[in-house]
Amino acid sequence: GFVAGLGLALASSAFIGGSFVLKKKGLLRLCGRARAGQGGHAYLREWLWWAGLLCMGVGEAANFAAYAFAPATLVTPLGALSVLVSAVLSSIFLNEQLNVHGKIGCILSILGSTVMVIHAPQEEEVSSLESMAEKLKDPGFIVFAVCVLVSSLLLIFVAGPRYGQSNVLVYVLVCSAIGSLSVSCVKGLGIALKELFSGKPVLKEPLGWVLLVCLVICISIQINYLNKALDIFSTSVVTPIYYVLFTTAVMMCSAILFKEWQHMVLDNIIGSISGFLTIVSGIFLLHAFRDMPFTPSLLPLFLQPGRAEPHPPWSSADRHQSCQHQPLLPSEDKGSQSAEEEE
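Here is what the cut-offs are and how they apply
Once a new chain begins, its residue numbering starts again from 1 and follows that chain's sequence as written. Thresholds applied to this predicted model are a pLDDT of at least 70 for local features of residues and 80 or more for the giving and counting of side-chain atom pairs; totals over whole chains, interfaces and linings are not thresholded and use all residues. Water and hydrogen atoms were dropped before computing side-chain values, which therefore reflect all heavy atoms in the structure. Working definition: helices are DSSP H or I runs of at least four residues, strands are E runs of at least two. Numbering for both runs from the N terminus. Relative accessible area decides the class of each residue, using a 1.4 Å probe on protein chains only: under 20% of the type maximum gives buried, over 50% gives exposed, and in between gives partly exposed. In what follows, a contact means two residues having at least one pair of non-hydrogen atoms within 4.5 Å. Here, Shrake-Rupley sampling with a 1.4 Å probe gives the accessible areas, and only protein chains in the shown set may cover a residue. UniProt positions are given in the numbering used here, feature names are shortened, and annotations may be inferred rather than shown by experiment. Disulfides are defined as pairs of cysteine sulfur atoms found within 2.5 Å of each other. pLDDT is a per-residue confidence score from the predictor, ranging from 0 to 100. We call Phe, Tyr and Trp rings a pair once their centres come within 6.5 Å, taking the six-membered ring for Trp, and we label the pair stacked below 30 degrees between planes, edge-to-face above 60, and tilted otherwise. Our definition puts a charge over a ring when NZ of Lys or CZ of Arg is within 6 Å of the ring centre and also within 35 degrees of the ring normal. The term nonpolar core refers to a set of buried residues drawn from Ala, Val, Leu, Ile, Met, Phe, Trp, Tyr and Cys, joined through side-chain atoms within 4.5 Å. All the domain ranges listed were derived from an automatic or database domain assignment. Helix span is expected to be 1.5 Å times the residue number reduced by one. This arc corresponds to the set of directions leading from the helix axis out to the C-beta atoms. Residues form patches when they are more than 30% accessible in relative terms and have no salt bridge. Like charges link within 9 Å. Nonpolar side chains (Val, Leu, Ile, Met, Phe, Trp, Tyr) link within 5 Å. Should a side-chain nitrogen of Lys or Arg be within 4 Å of a carboxyl oxygen of Asp or Glu, the pair is scored as a salt bridge. Lines fitted to the C-alpha atoms define the axes, with helices restricted to the stretch that makes contact. Angles between their N-to-C directions range from 0 to 180 degrees. Oblique is the label for every angle not falling under 35 degrees (roughly parallel), over 145 degrees (roughly antiparallel), or within 65 to 115 degrees (roughly perpendicular). Rotating anticlockwise by less than a right angle from the far helix to the near helix defines a left-handed crossing, while the corresponding clockwise rotation defines a right-handed one. Note on residue classes: Ala, Val, Leu, Ile, Met, Phe, Trp, Tyr, Cys and Pro are nonpolar, Asp, Glu, Lys and Arg are charged, and everything else, Gly too, is polar.

How do you make sense of the overall build of the chain when you look at a structure like this?
Across its full length, the chain holds 12 helices and zero strands. Along the chain, helices (α) and strands (β) appear in the sequence α-α-α-α-α-α-α-α-α-α-α-α when read from the amino end. Going through the 343 residues of the chain one by one, you find that 45% of them count as buried. Considering only contacts within the chain whose residues lie at least 6 apart along the sequence, 81% involve residues at least 24 apart. When the accessible surface of the chain is summed, it comes to about 18,500 Å², and 67% of that surface belongs to carbon and sulfur atoms.

So this is what it looks like as structure tokens:
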């Protein structure tokens, strides 16, 4: 299960990272038509957008299967690789800058994901829809789900019309909050598929159909508002912030629903938190300094190409005089000072 979940999560990151670039490329080809950021749906006529949607569908399907084989806190941190794929492909096909800070951020994201996978908490065993139904009835999860729904409605109908065009967090928060609920639906449907393949009458259980309907609604909302965020803001901004907020929301939802953190030892708790903070630091470097040019002229003199010596040669002393041989005062000031002394 671990190997299958790991491989599916890696494939999911590759497809999802490429889907961001394809969809952004399709949105850029609208050429003055009603854009998604303005409430239009002209992107439905672009084949590149549909190719990106197909890649995202394949990635989400692989992600769906990965959640069925492995814990959510093992699969979700590997989503950082989709940020790396999106950043690299954006620099190639969208001419978006990926400087030294971005490359360091990519390395930190990989290291943080590795640490989180090593110290990932083991979720409580849920092997049937009956046990999943008991988890969903937990008061803590009910409170969490209500808070997510209320905050999403406020973001959509109150904050969206006012700040959606200027603040990237509005639409990305909607996608992240709803995404945490979609992961719970995916886990439940994965359990239902396992029971179906084992010969149990799962199709007669109403919980499976409820989870399927909820998953379709959640994914539709995520696609809609992710399109708006991608149309208004840069891919290198939307993708990292979406990853950080989505991972945080999924970790909170999994901890509340499956009680993952109750049986962890201290070193695994510290490792998981440290790995996640490392990923956040890498994501910050990846997008915060994306517009800052980093040229060889910004390096120290001894690291700049073509400068083998740290200091200028002594033969050029006539052009670059040492501070020890320069007069303390300019000639005019020195003449005025001597005149004052004579007086």
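What's the story with the UniProt feature "transmembrane region" (unreviewed entry) in the chain in this structure? I'm lost.
The sites that carry the UniProt feature "transmembrane region" (unreviewed entry) are, in the present numbering, residues 47–67, 74–94, 100–120, 141–162, 168–186, 207–226, 232–257 and 269–289. Helix makes up 90% of residues 100–120 and strand makes up 0%, while its end C-alpha atoms are separated by 30 Å. Helix makes up 95% of residues 168–186 and strand 0%, with an end-to-end C-alpha separation of 27 Å.

What should I look at first to understand the state of the cysteines in this one?
In a disulfide, the sulfur atoms of two cysteines are covalently bonded to one another. Applying the stated rule across the entire model yields zero disulfides. In this structure Cys-253 is not part of a disulfide, and its nearest cysteine sulfur, from Cys-185, lies 8.9 Å away.

Is there a simple way to think about the confidence of the model for the chain in this case?
The predicted coordinates should not be examined in detail at positions where pLDDT is low. The predicted model of the chain has a mean per-residue pLDDT of 77, with 77% of residues at 70 or higher. At the low end of the mean pLDDT range in the chain sits helix 12 (residues 331–342), at 49; at the high end sits helix 7 (residues 139–163), at 91. Segment residues 313–334: pLDDT under 50, and two contacts once partners within four positions in sequence are set aside and those in other chains are kept. The model gives residues 336–340 a pLDDT under 50, and that stretch makes one contact with residues more than four places away or in other chains.

Where do I start with the packing of aromatic side chains in this structure?
Describing an aromatic ring pair means giving the distance of the ring centres and the angle of the ring planes. Inspection of every chain in the model, using the stated rule, returns two aromatic pairs. Taking 5.7 Å as the distance between ring centres and 40 degrees as the angle between the ring planes, the aromatic pair formed by Tyr-171 and Tyr-225 counts as tilted. Within this pair, whereas Tyr-171 is found in helix 8 (residues 169–197), its partner Tyr-225 is found in helix 9 (residues 206–232), the two being separated by 54 residues in sequence. Judged on exposure class, the residue Tyr-171 and its partner Tyr-225 are both buried. Considering the side-chain rings of Tyr-242 and Phe-246, the 5.7 Å spacing of their centres and the 20 degrees angle between planes classify their relative orientation as stacked. Taken as a pair, Tyr-242 and Phe-246 lie in helix 10 (residues 235–258) at a separation of four residues, close to a single helical turn. Taking the relative accessible area as the measure of exposure, Phe-246 reaches 15% and is therefore buried. Over the ring of Phe-258 we find Lys-187, and its NZ or CZ is 5.9 Å from the ring centre.

Where do I start with the nonpolar core in this structure?
Burial of nonpolar side chains together is a common tendency in soluble globular proteins. Counting residues in each nonpolar core, the largest one holds 62 residues, and the members touching the most others are Phe-20, Met-132, Leu-136, Val-168, Val-172, Leu-226 and Val-238. For this core, the secondary structure elements donating two or more residues are helix 1 (2–28), helix 2 (47–69), helix 3 (72–75), helix 6 (129–136), helix 7, helix 8, helix 9 and helix 10. Ranked by residues supplied to this core, first place goes to helix 8 with 14 residues. Each of domain 1 (1–123) and domain 2 (126–259) contributes no fewer than three residues to this core. Ignoring anything within four residues of it in the chain, the contact list for Phe-20 reads Met-56, Ser-86, Leu-226, Leu-230, Thr-235, Thr-239 and Tyr-242. Core analysis: the next-biggest nonpolar cluster, separate from the first, contains 13 residues, Leu-84, Met-251, Ile-283 and Leu-286 among them.

What's the story with helix 5 (residues 100–118) in this structure? I'm lost.
For an α-helix, 3.6 residues make a turn, and residues three or four places apart therefore share a direction. Here helix 5 contains 19 residues, and its C-alpha end-to-end distance of 27 Å stays within 8% of the 27 Å for a straight helix at 1.5 Å per residue. Taken residue by residue, helix 5 has His-101, Gly-102, Gly-105, Cys-106, Ser-109, Gly-112, Ser-113, Met-116 and Val-117 as its buried positions. Buried residues of helix 5 fall within an arc of 140 degrees about the axis and therefore sit on the same side. In helix 5, the exposed positions angled more than 90 degrees off the buried face are occupied by Ile-107 and Ile-118.

Just to check I follow, could you spell out a nonpolar patch on the surface for this structure?
Residues Ile-142, Val-146, Val-150, Leu-153, Leu-154, Phe-157 and Val-158 make up a contiguous nonpolar surface patch of roughly 650 Å² in combined accessible area. With respect to the helices and strands, Ile-142 occurs in helix 7.

Hey, could you run me through helix 2 in this one?
Helix length check: helix 2 (23 residues) gives 33 Å between terminal C-alpha atoms against 33 Å at 1.5 Å per residue, within 8%. The complete set of buried residues in helix 2 reads Leu-48, Trp-49, Gly-52, Leu-53, Met-56, Gly-59, Ala-62, Asn-63, Phe-64, Ala-66, Tyr-67 and Ala-68.

Before we go on, may I ask you to explain the packing of helix 4 (residues 80–93) against helix 5 in this structure?
Two quantities define a packed helix pair, namely the angle between the axes and the distance from one axis to the other. Packing of helix 4 against helix 5 brings their axes to within 9 Å, and their N-to-C directions diverge by 160 degrees. Compared by their axis directions, helix 4 and helix 5 come out roughly antiparallel. The handedness of the crossing between helix 4 and helix 5 comes out as left-handed. For the pair formed by helix 4 and helix 5, the contact residues are Ala-80, Leu-81 and Leu-84 on the first element and Cys-106, Ser-109, Ile-110 and Ser-113 on the second. Classifying every residue of the contact of helix 4 with helix 5 gives five nonpolar, two polar and no charged.

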